[in-house]
Amino acid sequence: NSGSLVVIVGPMYSGKTSELISFIEIYTLGKKKIKVFKPKIDYRYNNTQIVSHSKSAVDAIAITKPKEILTYLQGNENAVFIDEVQFLDETLREVVLQMIESGIDVYCAGLDLSFKANPFIVTALLMAHADNIIKKKAVCHECGEYRGTLTYKFVGNGDEIDIGGFDKYIAVCRDCYLKLKQKN
Ligand code: ADP
Ligand code: TMP
Ligand code: MG
Ligand code: ZN
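Being a predicted model, the structure only gives us computed values, none of them experimental. Position numbers for residues count from 1 along each chain, tracking the sequence in the order it is written. Here chains are named by letter from A upward and ligands by number from 1 upward, in the order in which they appear as written. Side-chain atom pairs in this predicted model are given and counted only at pLDDT of 80 or more, local residue features only at pLDDT of at least 70, and totals for whole chains, interfaces and linings cover all residues. The side-chain numbers reported here are obtained from all heavy atoms of the structure, hydrogens and water having been left aside.

### Focus on the environment of Asn78
Consideration 1: Going along the chain from the N terminus, every DSSP run of H or I of four or more residues is numbered as a helix, and every run of E of two or more is numbered as a strand. Relative to the elements of secondary structure, Asn78 occurs in the loop between helix 2 (68-72) and strand 6 (79-82).
Consideration 2: Note on exposure labels: buried denotes an accessible area under 20% of the residue type's maximum, exposed denotes more than 50%, and partly exposed covers the range between, all computed with a 1.4 Å probe on protein chains only. By relative accessible area, Asn78 is classed as partly exposed at 31%.
Consideration 3: Along the sequence, Asn78 and Gly3 sit 75 residues apart, while their C-alpha atoms lie 8.3 Å from each other.
Consideration 4: In contact with Asn78, not counting residues within four places along its chain, are Tyr27, Lys32, Lys33, Gly103, Ile104 and Asp105. In this description, contact between two residues means that some pair of their heavy atoms is separated by no more than 4.5 Å.

Rendered as structure tokens:
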């Protein structure tokens, strides 16, 4: 049987990593064979773990290129989990399809949009192939409503790849995003 693809998206702080960790827990409780990956670029906290903003953590293998994932597989995996997919290149699509076709359930988490509200193409490609897309929301940092679908960057350069947390980014709703953009 083929595996299925679940893609978890949303702005920063929306609980993508936490959701990924809950799925990891389900497979672990069921004594399933799993592997967890993350891009090496994200050096936040720890290079060998995925870590949520609420500080829960799971061991992970840091990779640079999507193809590396296949070299770590032993052929008996039930599921593969990948966090921060927006930092991997578009060949992730082929690698993920190959895993699903060989019967592995794949769970991917990542940003759907940059702080400029441009789609991350690799995430969009994965969403197109997904069996299930989980779109998470954050609490808007400006108005407090549970409608945060965008990320606003309040310092630094215009670089759309820029590791950071509360030092640079807040989650906001669409109205607050537009207001902040008009002000600055
Ligand atoms: P993501 O991977 O999407 O950035 P995480 O799973 O790492 O999200 O973090 C989610 C956690 O972040 C929440 O459980 C909460 O404790 C915390 N948090 C901080 N700021 C916010 C916010 N504005 N909205 C929701 N959760 C927030
Ligand atoms: P998070 O979604 O788990 O909070 O992590 C998102 C990471 O992506 C964080 O290191 C900041 C970074 N980032 C960018 O590089 N570009 C962006 O446009 C945004 C919004 C975040
Ligand atoms: Mg995360
Ligand atoms: Zn708001």
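Here the narrative resumes, following the displayed structure.
### A closer look at the site of ligand 1
Consideration 1: Lys16, Thr17, Ser18, His53 and Val139 are the nearest of the 14 residues found near ligand 1.
Consideration 2: In the analysis that follows, any N or O atom pair within 3.5 Å is treated as a polar contact, provided that within protein one partner can donate a hydrogen and the other can accept it, and provided that, for residues neighboring in sequence, both atoms belong to side chains. Within the backbone of Ser14, an N or O atom sits 3.2 Å from an oxygen atom of ligand 1.
Consideration 3: Residue Lys16 places a side-chain N or O atom 2.8 Å away from an oxygen atom belonging to ligand 1.
Consideration 4: To measure how exposed things are, a 1.4 Å probe is used in the Shrake-Rupley method; for residues, cover is taken only from the protein chains shown. For ligand 1, whose unbound accessible area comes to 580 Å², protein coverage reaches 74%.
Consideration 5: Tallied by class, residues from the shell around ligand 1 come to six nonpolar, seven polar and one charged. Each residue is tested against the molecule or strand, and it is near if at least one of its non-hydrogen atoms lies within 4 Å. Under the scheme applied, nonpolar residues are Ala, Val, Leu, Ile, Met, Phe, Trp, Tyr, Cys and Pro; charged residues are Asp, Glu, Lys and Arg; polar residues are all the others, including Gly.

### Structural notes on unusual backbone geometry
Consideration 1: With a phi angle near 55 degrees, Glu84 is a residue other than glycine that sits in the positive phi range.
Consideration 2: Relative to the helices and strands, Glu84 resides in the loop between strand 6 and helix 3 (92-101).
Consideration 3: A relative accessible area of 11% means that Glu84 is categorised as buried.
Consideration 4: The backbone of Ala117 sits at a positive phi, close to 65 degrees, despite the residue not being glycine.

### Some details on the environment of Val139
Consideration 1: Looking at the element boundaries, Val139 is found in the loop between strand 8 (132-135) and strand 9 (150-153).
Consideration 2: For the pair Val139 and Cys173, spaced 34 residues apart in sequence, the C-alpha separation works out to 8.1 Å.
Consideration 3: With sequence-adjacent residues up to four places away left out, Val139 is seen in contact with Gly144, Glu145, Tyr146 and Ala171.

### Quick word on the site of ligand 2
Consideration 1: Residues in close proximity to ligand 2 total 19 residues, the closest being Lys16, His53, Phe115, Glu160 and Asp162.
Consideration 2: Here His53 contributes a side-chain N or O atom positioned 2.8 Å from an oxygen atom of ligand 2.
Consideration 3: Here a nitrogen atom of ligand 2 and a backbone polar atom of Glu160 are 2.7 Å apart.
Consideration 4: With the chains in place, 99% of the 480 Å² that ligand 2 exposes on its own is no longer accessible.
Consideration 5: Tallied by class, the residues present in the shell around ligand 2 amount to eight nonpolar, six polar and five charged.

### Looking at the coordination of the zinc ion (ligand 4)
Consideration 1: For Na, K and Ca the donor cutoff is 3.2 Å, while for all other metals N, O and S atoms must lie within 2.8 Å; water is not among the atoms, so some sites may look incomplete. The coordination sphere of the zinc ion (ligand 4), as far as protein atoms go, consists of Cys140 (SG), Cys143 (SG), Cys173 (SG) and Cys176 (SG), spread over 2.3 to 2.4 Å.
Consideration 2: Here the metal geometry follows the donor angles, with tetrahedral for four donors whose angles all fall between 85 and 135 degrees, square planar for four and octahedral for six when opposite donors are more than 155 degrees apart and every other angle is between 65 and 115, and irregular for all the rest. Around the zinc ion (ligand 4) sit four donor atoms; with metal-centred angles ranging over 100 to 117 degrees, the donor geometry is tetrahedral.
Consideration 3: Mapped onto the sequence, the residues coordinating the zinc ion (ligand 4) show the spacing C-x2-C-x29-C-x2-C. Remark: Cys173 occurs in the loop between strand 10 (169-172) and helix 5 (174-183) and Cys143 occurs in the loop between strand 8 and strand 9; sequence separation between them is 30 residues.
Consideration 4: Judged by relative accessible area, Cys143 falls into the partly exposed class, the value being 35%.
Consideration 5: You can call Cys173 buried: its relative accessible area is 3%.

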